[in-house]
Amino acid sequence: MSGDNRFLGLIYLSPYILGLMVFTALPFAASFYLSFTDYNLMSAPVFTGLDNYWKLFTGDRTFRKSLWVTLVYVFTTVPLKLAFALFIAVILNYKLKFINFFRTAFYVPSILGGSIAIAVMWRYLFADVGIVNMALQGIGLEPVNWFGDPTNALFTITLLRLWQFGSAMVIFLAALQSIDKSLYEAASIDGAGKFSTFWHITMPLITPVIFFNLIMQMVQAFQEFNGPYIITQGGPLKSTYLLPLYIYEEAFKRFDMGYASAIAWVLFVIIMVLTVIAFWSSRHWVYYAGDKRS
Amino acid sequence: MADHVLSPNLAADQEADRILKAQRRRHTVSMILRYGVLTLVGLLMLYPLIWLIGASFKPNSEIFAGAGFIPQEPTTSGYVNGWKTSTPYTFGHFFWNTFLIVVPKIIGTAISCTAVAYGFARFEFPGKKILFASLIATLLLPNVVTRIPQYLLFRDLGWLDTFLPLWVPSALAGDAFFVFMLVQFLRAIPRDMEEAARVDGANTWQVLIFIVVPLLIPALISVCLFQFMWTMNDFLGPLIYISSVDKFPVSLALKLSIDTTEAFEWNRILAMSVLTIMPALIVFFVAQKYFIEGISAGGVKG
């Protein structure tokens, strides 16, 4: 189909190329430049070299706290969510009655995802007198101070995102269903138990989607904003003050665009480094069926 | 043991029978466990939403009085008062604003992503590899890095406090995920019909519109539905770009009503929360198969 004009494809791509330039590439470069400036929107950006970064890493306690909280959040939320999504997908992969009902029920919270209404609801559910504490008391446990206590507040946001495990689950489920059933039959003839079948057959075959889900969930978790903004407002004691919240307030409340860009770049570099590590490590644990690379 | 006097054959039969029964028992136990886990998780998934809907019909005094979802003294005052809002506009006005953002955004996304995906999936041209790599890179690029310069750009264009920043990037195929999803979809479709049409003298635009687009309809429905959901749920975009209350979409209006009425009128907030998630819920239940297909197509083939 490429006969008549070898640039015809580019014409179809032109909206994308324009958008890529104007809304991605240019802002990307500008953001890098801005991170070395002092810019408050009133006067032109003033180049200040590494000042912003220097201040971030030596003098800014809020930044250090925020960075730590972000890492804790990502490294708890992502593994828990993936493990839970996989566990449920494995159960849903058996022939069960009402399976469509369960799939739908598990997916509904994800569809409502980042909506403000859901964040609002979470705030009421985990209030001191909310139903989560009522349920805890119902089974004889002490109520928990979910939002007032810095050790718990971040966890409520983790719980909210765990509650939305549906899209990761659907992807796992599709992968599980595409596994050739004859592999399981062979394993069962060889007398393999359930765990060993799961570990030696299922797991290797779904590593590509584990990898995909890992990257997607990680990039998403590093950008969590609505949860802490609505549910905890970053508090108490900055215990839920994730980096995107800090960037937002520096940029759009204090109009310190240069400093906010520097924080954004630190966050970006962290995400990139972790993504590169994930891609690099994937050679050792991700198995592509029919892949002839050696 | 009595086994000694029985014929070996009978003993073997009994043994087989015993194993079968044990298997069946194990099967029953595992079924009970599975349904148990699924029911428990299902309850945890749905109860908060059911509670939300129930509580939106409760008087304020009752909302935190018990964990049940059925109101003792049902009232629609939350809806009536919430709809009025503390602004000069009703909630209907904010729904209309949301509609004005969502509709152009969906149309722009569908058209631009289809053209771009077609370009990627069916043509060879210089720079294709680099451009496709950039598509994947944008998929992974955190928005957080580009947000500030984008804001400055829209400010210089004079677009702040308009809906343009919310939909123009999407109309230029800015949502890499959708392009990627459509490319995956197109790769799985055989090209026979397109080639036949070309032989019959159709140009590539005619092929795109009359042959490719009809084949892409299920995937395009998924794209539109996801874009609808994401836009309905988007909060940070409007928060940054929209400043006058008369242009607020529902997400900002809801945040505003929390700020102004929270301490005393919970049922207003809960009622408006229910209303803001309703369009998404209804669309989801009507078209759930497209969501589930869309997400697994985007994820698995990649």
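Residues numbered from 1 in each chain as written. Chains lettered and ligands numbered in written order. Predicted model: local features only at pLDDT ≥ 70, side-chain atom pairs only at ≥ 80, totals over all residues. Heavy atoms only, no water.

(A) Just the nonpolar core, in detail. Judged by nonpolar contacts, the single largest core of 196 residues is most densely connected at Phe106 of chain A together with Phe120 of chain B. Looking at this core element by element, the count peaks at 14 residues for helix 13 (residues 257-285) of chain A. Here Phe120 of chain B is in contact with Leu13 and Tyr16 of chain A together with Lys128, Leu131, Phe132, Leu135, Val179 and Val183 of chain B, once residues within four sequence places are set aside. (Core = buried A, V, L, I, M, F, W, Y, C linked by side-chain atoms within 4.5 Å. Buried < 20%, exposed > 50% of the residue type's maximum accessible area, 1.4 Å probe, protein only. Helix = DSSP H or I, 4+ residues; strand = E, 2+ residues; numbered from the N terminus. Contact = heavy atoms within 4.5 Å.)

(B) Representation of a nonpolar patch on the surface within the structure. Residues and elements named next belong to chain B. A cluster of nonpolar side chains, namely Trp96, Phe99, Leu100, Val103, Ile107 and Ile111, defines an oily patch on the protein surface of about 570 Å² accessible area. Along the polypeptide, Leu100 turns up in helix 4 (residues 91-122). Assessed through its relative accessible area of 33%, Leu100 is described here as partly exposed. (Patch = residues over 30% accessible without salt bridge, like charges linked within 9 Å, V, L, I, M, F, W, Y side chains within 5 Å. Areas by Shrake-Rupley, 256 points an atom, 1.4 Å probe, with all protein chains shown as cover. Salt bridge = Lys/Arg side-chain N within 4 Å of Asp/Glu carboxyl O.)

(C) Spotlight on the environment of Leu80 of chain A. Examined against the element boundaries, Leu80 of chain A turns out to sit in helix 3 (residues 61-92). In contact with Leu80 of chain A, not counting residues within four places along its chain, are Thr158 and Leu162 of chain A.

(D) Main features of the side chain of Thr204 of chain B. Here Thr204 of chain B lies in helix 10 (residues 204-233). Look past the residues within four positions of Thr204 of chain B in its chain and what remains in contact with it is Leu8 and Tyr12 of chain A together with Tyr118, Phe123 and Arg198 of chain B.

(E) Looking closely at the packing of aromatic side chains. Counted under the stated rule, the structure contains 51 aromatic pairs over all chains. With a centroid separation of 4.4 Å and 35 degrees between ring planes, the pair formed by Tyr12 of chain A and Trp205 of chain B is classed as tilted. Placement of Tyr12 of chain A in helix 1 (residues 8-34) and of Trp205 of chain B in helix 10 is noted, with the two residues assigned to different chains. Note on Trp205 of chain B: relative accessible area 42%, which makes it partly exposed. Across from the ring centre of Tyr259 of chain A, 4.1 Å away, lies the NZ or CZ of Lys55 of chain A, which sits over that ring. For the cation-ring pair, Lys238 of chain A lies above Tyr241 of chain A, with the distance from its terminal atom to the ring centre recorded as 4.2 Å. (Phe/Tyr/Trp six-rings, centres within 6.5 Å; stacked < 30°, edge-to-face > 60°. Lys NZ or Arg CZ within 6 Å of the ring centre and 35° of its normal.)

(F) Main features of the packing of helix 5 (residues 128-140) of chain B against helix 8 (residues 176-187) of chain B. Residue and element names in this part refer to chain B. It is at 8 Å that the axes of helix 5 and helix 8 come closest, and there the two elements cross at 130 degrees. The angle between helix 5 and helix 8 falls in the class oblique. When you trace helix 5 past helix 8, the crossing you get is left-handed. Contact with helix 5, carried on its side by Phe132, Leu135, Ile136, Thr138 and Leu139, involves Ala176, Phe177, Val179, Phe180, Val183 and Arg187 of helix 8 and no other residues of that element. Of the residues belonging to the contact of helix 5 with helix 8, the class tally is nine nonpolar, one polar and one charged. (Axes fitted to C-alpha atoms, helices over the stretch in contact; angles between N-to-C directions. Parallel < 35°, antiparallel > 145°, perpendicular 65-115°, else oblique. Left-handed = near helix turned anticlockwise from the far one by under 90°. Nonpolar A, V, L, I, M, F, W, Y, C, P; charged D, E, K, R; others polar.)

(G) Main features of helix 13 (residues 266-286) of chain B. In this model helix 13 of chain B runs 30 Å from its N-terminal to its C-terminal C-alpha over 21 residues, within 8% of the 30 Å that 1.5 Å per residue would give. At Met278 of chain B, helix 13 of chain B shows its maximal kink, close to 40 degrees; a proline, Pro279 of chain B, follows between one and four residues later. (Expected span 1.5 Å × (residues − 1). Bend = angle between axes of the 7 residues up to and from the residue.)

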